[in-house]
Amino acid sequence: MNNKVKSDAVDFLFDAILCLENREECYHFFEDLCTVNELLSISQRFEVAAMLRDRRTYLEIAEKTGASTATISRVNRSLHTGNDGYETVFGRMHRNTAAADADTKGTAAAAPDTE
């Protein structure tokens, strides 16, 4: 962890984010917290990270996201030499999606035949 970032104020912010319960609350909070451009920049970096994990080329990523090659390179560096934050989140998102898919299939399998 970068000690330049660690502070009581950042801890306070992260505690606030951890209190959010759903996507709608996230929209409300982040729209209050960030400018539109700040939020779009953060979401762009996250999309770039996902595309890099999927082994997309810089050209494909730049065309789809509008990110500069400097931004793509910075995100790529974080993916490879960062604090594994992206990997933690992507891993959990994958597990949550797989669990939701399994629940949906289990519910569909358990549903009575109505015909």
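In short, a report on the structure. (Residues numbered from 1 in each chain as written. Predicted model: local features only at pLDDT ≥ 70, side-chain atom pairs only at ≥ 80, totals over all residues. Heavy atoms only, no water.)

1. Focus: the state of the cysteines
Heads up, the rule is: Note on terminology: disulfide denotes any pair of cysteine sulfur atoms within 2.5 Å. Accessibility here uses a 1.4 Å probe with only protein chains present; expressed as a share of the type maximum, an area under 20% marks a residue as buried, one over 50% as exposed, and anything in between as partly exposed.
Across all of its chains, the model carries zero disulfides by this definition. The structure places no disulfide on cysteine 19, whose sulfur is separated from the nearest cysteine sulfur, that of cysteine 26, by 11 Å. With relative accessibility at 56%, the residue cysteine 19 sits in the exposed group. The structure places no disulfide on cysteine 34, whose sulfur is separated from the nearest cysteine sulfur, that of cysteine 26, by 11 Å.

2. A word on the layout of surface pockets
Test applied: For cavity detection a 1 Å grid was placed over the protein atoms alone, and a set of points counts as a cavity when a 1.4 Å probe fits there but cannot get out; an open set counts as a pocket when protein lies on both sides within 12 Å along at least five of seven lines, with lining residues being those that have an atom within 4 Å of a point. Grid points are joined across faces, edges and corners, and a volume is the space filled by probe spheres set on the points. Note on conventions: DSSP H or I runs of at least 4 residues are helices, E runs of at least 2 residues are strands, and numbering of each starts at the N terminus. In this classification, Asp, Glu, Lys and Arg are treated as charged, Ala, Val, Leu, Ile, Met, Phe, Trp, Tyr, Cys and Pro as nonpolar, and every other residue, Gly included, as polar.
Empty space within the largest pocket amounts to approximately 1,900 Å³. Surrounding the largest pocket, 32 residues form its lining, Ile17, Phe30, Ile42, Phe46 and Val89 being those nearest its centre. Residue assignment for the lining of the largest pocket shows that the elements contributing at least two residues are helix 1 (8-19), helix 2 (23-33), helix 3 (36-53) and helix 6 (85-110). Taken together, the residues of the lining of the largest pocket break down into 17 nonpolar, eight polar and seven charged.

3. Focus on the nonpolar core
Side chains of a nonpolar character, in soluble globular proteins, are inclined to be buried together. Selection rule: In these notes, a set of buried Ala, Val, Leu, Ile, Met, Phe, Trp, Tyr and Cys residues joined through side-chain atoms within 4.5 Å is what counts as a nonpolar core. We call two residues in contact when some of their heavy atoms are within 4.5 Å.
One finds Val48, Ala49, Met51, Leu52, Ile61, Ala67, Ile72, Val75, Leu79 and Phe90 forming the largest nonpolar core, which totals 10 residues. Sorting the residues of this core by element identifies helix 3 and helix 5 (69-81) as the ones contributing at least two each. When residues no more than four places from it in sequence are discounted, the contact partners of valine 48 are Ile61, Thr65, Ala67, Ile72 and Val75.

4. A short note on unusual backbone geometry
Despite not being glycine, arginine 55 shows a phi value in the positive range, around 60°. Inspection of the secondary structure assignment puts arginine 55 in the loop between helix 3 and helix 4 (58-65). For arginine 55, a relative accessible area of 74% corresponds to the exposed category. Here the phi dihedral of aspartate 84 falls at roughly 65°; this positive angle occurs in a residue that is not glycine. Its place among the elements puts aspartate 84 in the loop between helix 5 and helix 6. Accessibility expressed as a relative area gives 47% for aspartate 84, which makes it partly exposed.

5. Details of the packing of aromatic side chains
Going by this rule: Two rings from Phe, Tyr or Trp (for Trp, the six-membered ring) form a pair when their centres are within 6.5 Å of each other. A pair whose planes differ by under 30 degrees is stacked, one over 60 is edge-to-face, and the rest are tilted.
According to the stated counting rule, one finds four aromatic pairs in the structure shown. Pairing phenylalanine 29 with phenylalanine 30 gives two aromatic rings, centres 5.4 Å apart and planes at 85°, and the pair type is edge-to-face. Ring plane angle 15° and centroid distance 6.2 Å describe the contact between tyrosine 86 and phenylalanine 90, whose orientation is recorded as stacked. A residue pair is termed a helical-turn pair when its members lie 3 or 4 positions apart in one helix, as tyrosine 86 and phenylalanine 90 do in helix 6 at four residues.

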